[in-house]
Amino acid sequence: MAIHPAPQSRQADPHPPADGPWRDPSLSPEERVADLVSRMTPQEKAAQLYGIWVGADAEGGGVAPHQNDMVDPVDFEDLTRRGLGQLTRPFGTAPVDPGVGALSLATAQARIVEAGRFGIPALAHEECLAGFTAWGATAYPVPLAWGAAWDPELVAEMARRIGDDMRSVGVHQGLAPVLDVVRDLRWGRVEETIGEDPYLVATIGTAYVRGLESAGIVATLKHFAGYSASAGARNLAPVRAGAREMADVILPPFEMAVREGGARSVMHSYAEIDGVPAAADPSLLTGLLRDTWGFSGTVVADYFGIGFLETLHKVAGNRADAARLALTAGVDVELPTVRSYGDELVAAVRDGLVAGELVDRALHRVLLQKCELGLLDPDRPAVPAVLDGVEPGRARGSVDLDPPGNRALARLLAERSCVLLANPEDALPLSGAGRIAVVGPRADDPLAMLGCYSFPSHVGVMHPDAPMGIDVPTLLESLREEFPGAEVDHAQGCEVDGTDDSRIAEATALAAGADVCVAVLGDRAGLFGRGTSGEGCDAADLALPGLQGELLDALLATGTRVVLVLLTGRTYALGGRAERLAGCVQAFFPGEEGGPALAGVLSGRVNPSGRLPLGVPRGPGGQPWTYLQPPLGLVNGVSNLDPTPLYPFGHGLSYTSFAWAPGADVPAELPTDGETDLGITVRNTGDRAGAEVVQLYAHDPVAQTTRPDARLIGYARVALAAGESRQVSFRFHPDLVSFTGTGGRRIVEPGDLELRFATSSDVADVKHTVRLRLTGPERTVDHRRRMVCDTTIDPPLARK
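Residues numbered from 1 in each chain as written. Predicted model: local features only at pLDDT ≥ 70, side-chain atom pairs only at ≥ 80, totals over all residues. Heavy atoms only, no water.

## Remarks on helix H11 (residues 282-292)
Then step 1. Among the residues of H11, Leu284, Leu285, Thr286, Leu288, Leu289 and Arg290 are the ones counted as buried.
Then step 2. Looking at the buried side of H11, the elements it contacts are strand E5 (218-224), helix H10 (252-259), strand E6 (265-268), strand E9 (298-300), helix H13 (319-329) and helix H15 (356-372). (Buried < 20%, exposed > 50% of the residue type's maximum accessible area, 1.4 Å probe, protein only. Helix = DSSP H or I, 4+ residues; strand = E, 2+ residues; numbered from the N terminus. Contact = heavy atoms within 4.5 Å.)

## Examining the packing of aromatic side chains
Then step 1. Under the definition given, this model contains 15 aromatic pairs.
Then step 2. With centroids separated by 5.7 Å and ring planes inclined at 75°, the aromatic side chains of Trp22 and Phe118 adopt a geometry described as edge-to-face. In this pair, Trp22 sits in the segment before helix H1 (29-38) while Phe118 sits in the loop between helix H5 (98-115) and strand E3 (123-127), placing the two residues 96 residues apart along the sequence.
Then step 3. Summarising the aromatic geometry, the rings of Tyr270 and Phe308 are spaced 5.4 Å apart at their centres and angled 50° between planes, so their arrangement reads as tilted. You can see Tyr270 sitting in the loop between E6 and strand E7 (272-273) and its partner Phe308 sitting in helix H12 (residues 305-311), a full 38 residues away along the chain. Each member of the pair, Tyr270 as well as Phe308, carries the same accessibility label: buried. (Phe/Tyr/Trp six-rings, centres within 6.5 Å; stacked < 30°, edge-to-face > 60°.)

## Considerations on the side chain of Asp151
Then step 1. As for its placement among the helices and strands, Asp151 is situated in the loop between helix H6 (143-149) and helix H7 (152-168).
Then step 2. Taking the relative accessible area as the measure of exposure, Asp151 reaches 7% and is therefore buried.
Then step 3. For Asp151, the residues in contact, after removing those within four places along its chain, are Ile204, Arg416 and Arg717.

## Quick look at the sheet that holds strand E21 (residues 725-732)
Consider a sheet: its strands pair through backbone hydrogen bonds, and that pairing is either parallel or antiparallel.
Then step 1. Overall, antiparallel pairing links the 4 strands, which are arranged E16-E18-E21-E27 in an open sheet. Because the sheet does not close on itself, it has two edges, and the strands there are strand E16 (658-662) and strand E27 (791-793). For this sheet, the mean inter-axis angle between neighbouring strands, taken without regard to orientation, is 20°.
Then step 2. In terms of strand pairing, strand E18 (residues 676-684) meets E21 through 8 bridges, oriented antiparallel. (Pairing = 2+ DSSP bridges. Axes fitted to C-alpha atoms, helices over the stretch in contact; angles between N-to-C directions.)

## Observations regarding the side chain of Ser760
Then step 1. Within the secondary structure layout, Ser760 lies in the loop between strand E24 (751-758) and strand E25 (766-775).
Then step 2. Relative accessible area serves as the criterion here: at 1%, Ser760 is assigned to the buried category.
Then step 3. For Ser760, the side chain forms a polar contact with the main-chain nitrogen of Asp762, separated by 3.1 Å.
Then step 4. Within the structure, Ser760 has its side chain in polar contact with the side chain of Asp765 (distance 2.6 Å).
Then step 5. Leave out the neighbours within four places in its chain, and Ser760 touches Pro648, Phe649, Gly650, His651, Gln695, Tyr697 and Asp765. (Polar contact = N/O pair within 3.5 Å; in protein donor to acceptor, adjacent residues only side chain to side chain.)

## Observations concerning the pattern of salt bridges
Then step 1. A complete count under the given rule lists 54 salt bridges for this structure.
Then step 2. Here Arg259 and Glu260 are joined by a salt bridge, their closest N and O atoms 4.0 Å apart.
Then step 3. A relative accessible area of 29% places Arg259 in the partly exposed class.
Then step 4. Overall, the relative accessible area of 31% leaves Glu260 in the partly exposed class.
Then step 5. Ionic pairing is found between Glu692 and Arg611, a salt bridge with its closest N-O pair at 2.8 Å. On the criterion of sequence distance, the pair formed by Glu692 in strand E19 (residues 690-699) and Arg611 in the loop between helix H21 (594-603) and E16 is long-range, its members being 81 residues apart. Here Glu692 and Arg611 have matching classes, each one buried.
Then step 6. A cluster of three or more residues bridged by salt bridges with shared partners is formed by Asp402, Arg407, Arg411, Glu592 and Glu593. (Salt bridge = Lys/Arg side-chain N within 4 Å of Asp/Glu carboxyl O.)

If you want it as structure tokens, here you go:
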């Protein structure tokens, strides 16, 4: 965003500025906001309920669905005389030097303050799904990699750093995390999710919220709710999830992030559930979110989501009608730009078509948040601290959004998220000598490391003449640095999703003459069909994109040992090829330090400890399956289709070995309102340091509704030196196995229960089982239930 001309003179206003109690920081926010609302005209009230996107591209090729249809021209000077609620993505719309961007944002805010009668700045928001989506900012691993790391503390630290960077340049709100639970692997936005299990999504996502909020940034939960359950895995398709799927799978991550994480904003989803769009659903946005869960922050529209009530969902007759539906439901802010909440809303209130109380309700929430952020204070700083002492002409190059500390953290998270799927021949780690053929379309492309919401993939690709802004080593470059004594050669073989097979022969010839072949395959992240993964890039099936499967077959046919490295935004079918691989490593868009991290895994410098946040399918078609299946969803004798994954949720190998031993005995019976400690001791039986991920699953043999055969209720990442042991304790409360019963209420049901300590969701990977009988009455529980299984990892025991 670049707004430099001096502000125009403001016409005389019949309502003079008022420096009343609302400016007094010694009063409570409620008192200040009540006073301010009482002084505002209808136009000024409405102006606080929308944003404007000055840099939006109305010519197509945008970064939001239907952007070219929905963006109206706006008169910045005219609009800001009324005040302004939000500024949309001042850094995330085009490449701009961070120092220049901070100055430009401060200049825009000064103009907004000068133009409006009350002098209230706009609240600036940005995307921050895999790092601050700004030119030159650190590109961290995508959320699916956070899930693969199983490390909430590390994710929280990453989020704090992201928040610090955003706050330093004048941004107030971040549109993250995505808390959608994967329901179909073909959905393009799988890369933006944390995984297929609600407990993993909830705990990792809540950690991200805590980190972002600790930096003073308003975290925005999205997409509320049901978006990932779209029919046929088509983006923005209808959702046909039942009430129990919503209550037991889709909603818990949002519930935890509100209750445990302190999120201050929620973004409604584009979904329609059973015929009701989320943006027009009072039972969801007011009844559940506010009245039941006690959420007191702001609900913001997903981009153009209010307009979609009219143009896509066809439940509103015009813009004013869309505003009525959204305000009634509880949508406080229209993003990304004004369409329904502007003059049309003011006129509708004047004509009695929309209740003025609905506007005041939303306005109260918006202004309370601005008050919390200090935007109503008279002594707020004119420029962010990062520009203190910087002359305007020297802003360029003055702000570093990718410092060494960020890169070190990005590297660590990338390393912990790499999953060793298979190593049947102990081909890994590589020896680092001889001839290494590095083959594949993802081997020598920096964008292979980045998801669709990383700035270079999200915005940079539309500005090909602009430099990337950050250093992103490719895997080929990283392997050459990792193995200076080896001869490392490269052939692309094929495109990511093209049909040209003319280079496959060259690649196979290179592999045939090598000691080992590293095949680097995967996705190209993009938007709305411009990639094989990402928003609007849904997959027809789960075969490797383009000719990559054929390339892999040709490489395997050479007889050279092939180690497969996957850089993807989802998992792909590997059945029929997996048993012929010498090794396989899965990485989910691991960010700017993903190349060195993967090279370290292949060399053995890094001992892989990632675990799958979603399963790897055997076949490409018809079974976009997640592990949360009741008995009828498992393999059986009445269908010829076997949905069993090749590698299950939670799976991952190491270069060392671990032994598990049960802890103290647990009472055979436990009241439905009781709790007990479950223990397991893990010992590193190998000759090198490593980390094991202890997973605790619940199995309910008999229940009043069908239940998943197993579901995750706790986990702990345990780092161990060679020969070292640690005891891990899980505080089990029956609330953790509550579910929606036949009466539609969440209950804890008495009866038998199995608690399984395992290395994955597969029953074959269970190491120890605790059998309990829950006794006493059936309990009804609500949002105040125990949602987190607290874990304690004792100090290392003496080595044996």
